[in-house]
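Residue-level listing of the chains:
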Amino acid sequence: DAKTTQPPSMDCAEGRAANLPCNHSTISGNEYVYWYRQIHSQGPQYIIHGLKNNETNEMASLIITEDRKSSTLILPHATLRDTAVYYCIVRVEYAQGAQKLVFGQGTRLTINP
Amino acid sequence: ETGVTQSPTHLIKTRGQQVTLRCSSQSGHNTVSWYQQALGQGPQFIFQYYREEENGRGNFPPRFSGLQFPNYSSELNVNALELDDSALYLCASSRVNTEAFFGQGTRLTVV
């Protein structure tokens, strides 16, 4: 079962910041939050991940609340090519050294001109 | 480009047949996972291979099986195909405890 809850769809204007929320209230202390996106049923593309600190890379920023029950993915200057389904995922360790990504339904983000 | 390649990209099989899907990992990655994505759904974890051994499995029946080879490439085999097996099959490779990179997937249609 998915451990995350996301809004099914969002819109954002081109050039503006897109803020995608995610709830993961049942996350365990050693489970990471990952974000991937998927365009037109291609393979999911890795964006960013974090445990409890905020993270930033060339694609996005990840803000995780102090209680780790929710997070926000920020695309600072959205472009039309950012239109995709965005998945907030908890990486679950189910055995020593073995992890799996538990996907939910994702948020369909549409960037409008 | 993630460096993870899957073949074939599309195929059509008849119910009851068997199918083999292939995945070539990104260089330096020793872990391979397989996911099934039904239309309109998020990917679902099938199993993971590390050093040629299956080290975890999702809620899939035994007719879903796999292999990992010494060069870390992998195969997914599905026996006795059912109509509900129609889906996009995704392979992801990684090093242990690092982010996974996905291939473009194989679209399987069972008729």
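Everything discussed here concerns the structure shown above.
So, here's what we can say about the structure. (Residues numbered from 1 in each chain as written. Chains lettered and ligands numbered in written order. Predicted model: local features only at pLDDT ≥ 70, side-chain atom pairs only at ≥ 80, totals over all residues. Heavy atoms only, no water.)

On to the overall build of chain A. What chain A contains, in helices and strands, is zero helices and ten strands. Mapped from its N terminus to its C terminus, chain A presents α and β elements in the order β-β-β-β-β-β-β-β-β-β. The C-alpha radius of gyration of chain A comes to 14 Å, within 12% of the 13 Å expected for a compact globule of 113 residues. In terms of overall dimensions, chain A has C-alpha extents of about 45 × 30 × 25 Å along its principal axes. By the burial criterion, 45% of the 113 residues in chain A qualify as buried. In chain A, the share of contacts with a sequence separation of at least 24, taken over all contacts with a separation of at least 6, comes to 55%. Element-wise, carbon and sulfur atoms account for 46% of the exposed surface of chain A, whose accessible area totals about 5700 Å². Each charge class in chain A can be summarised by its mean position, and for the 10 positive and 10 negative side chains these summaries are 2 Å apart. (Helix = DSSP H or I, 4+ residues; strand = E, 2+ residues; numbered from the N terminus. Rg over C-alpha atoms; globule rule 2.2 N^0.38 Å. Buried < 20%, exposed > 50% of the residue type's maximum accessible area, 1.4 Å probe, protein only. Contact = heavy atoms within 4.5 Å. Areas by Shrake-Rupley, 256 points an atom, 1.4 Å probe, with all protein chains shown as cover. Lys, Arg positive; Asp, Glu negative; His and termini not counted. Charge placed at Lys NZ, Arg CZ, Asp CG, Glu CD.)

Right, let's talk about the overall build of chain B for a bit. What chain B contains, in helices and strands, is zero helices and eleven strands. Going from the N terminus to the C terminus, chain B shows its helices and strands as β-β-β-β-β-β-β-β-β-β-β. Its C-alpha atoms give chain B a radius of gyration of 13 Å, within 12% of the compact-globule value 13 Å for 111 residues. In chain B, which comprises 111 residues, the proportion classed as buried is 48%. Side chains of chain B give 8 positive and 9 negative charges; the mean places of these two sets differ by 4 Å.

Our focus in this paragraph is the pairing of strand S3 (residues 32-38) of chain A. Residues and elements named next belong to chain A. The element S3 is largely enclosed, with a buried count of six among its seven residues. As paired elements, S3 and strand S8 (residues 84-95) share seven bridges and run antiparallel to each other. Bridging across to S8, Trp35 finds its partner in Cys88. Across five bridges, S3 lies against strand S4 (residues 45-50) in antiparallel orientation. Looking at the pairing, Arg37 lines up with Gln45 of S4. Where S3 folds back on S4, the antiparallel hairpin that results is connected by six residues, among which His40 adopts a positive phi of roughly 50°. (Pairing = 2+ DSSP bridges.)

Contacts between the two partners involve 21 residues from chain A and, on the opposite side, 24 residues from chain B. In this assembly, chain A packs against chain B so that about 1700 Å² is buried in total across both faces, 47% of it on carbon and sulfur atoms. The interface formed by chain A and chain B includes zero salt bridges. Taken together, chain A and chain B are joined by six residue pairs in polar contact (both at pLDDT 80 or more). If you list the elements that add at least two residues to the side of chain A that touches chain B, you get S3, S4, S8 and strand S9 (98-102) of chain A. (Buried area = accessible area lost by both parts, 1.4 Å probe. Salt bridge = Lys/Arg side-chain N within 4 Å of Asp/Glu carboxyl O. Polar contact = N/O pair within 3.5 Å; in protein donor to acceptor, adjacent residues only side chain to side chain.)

So, about the sheet that holds strand S7 (residues 64-68) of chain B. All names here are of chain B. Spatial strand order, S1-S3-S8-S7: four strands in an open sheet with antiparallel pairing. The strands lining the two open edges of the sheet, one partner per strand, are strand S1 (5-7) and S7. Put simply, the sheet's adjacent strands are angled 20° from each other on average, direction ignored. The pairing of S7 with strand S8 (residues 74-78) spans five bridges and is antiparallel. (Axes fitted to C-alpha atoms, helices over the stretch in contact; angles between N-to-C directions.)

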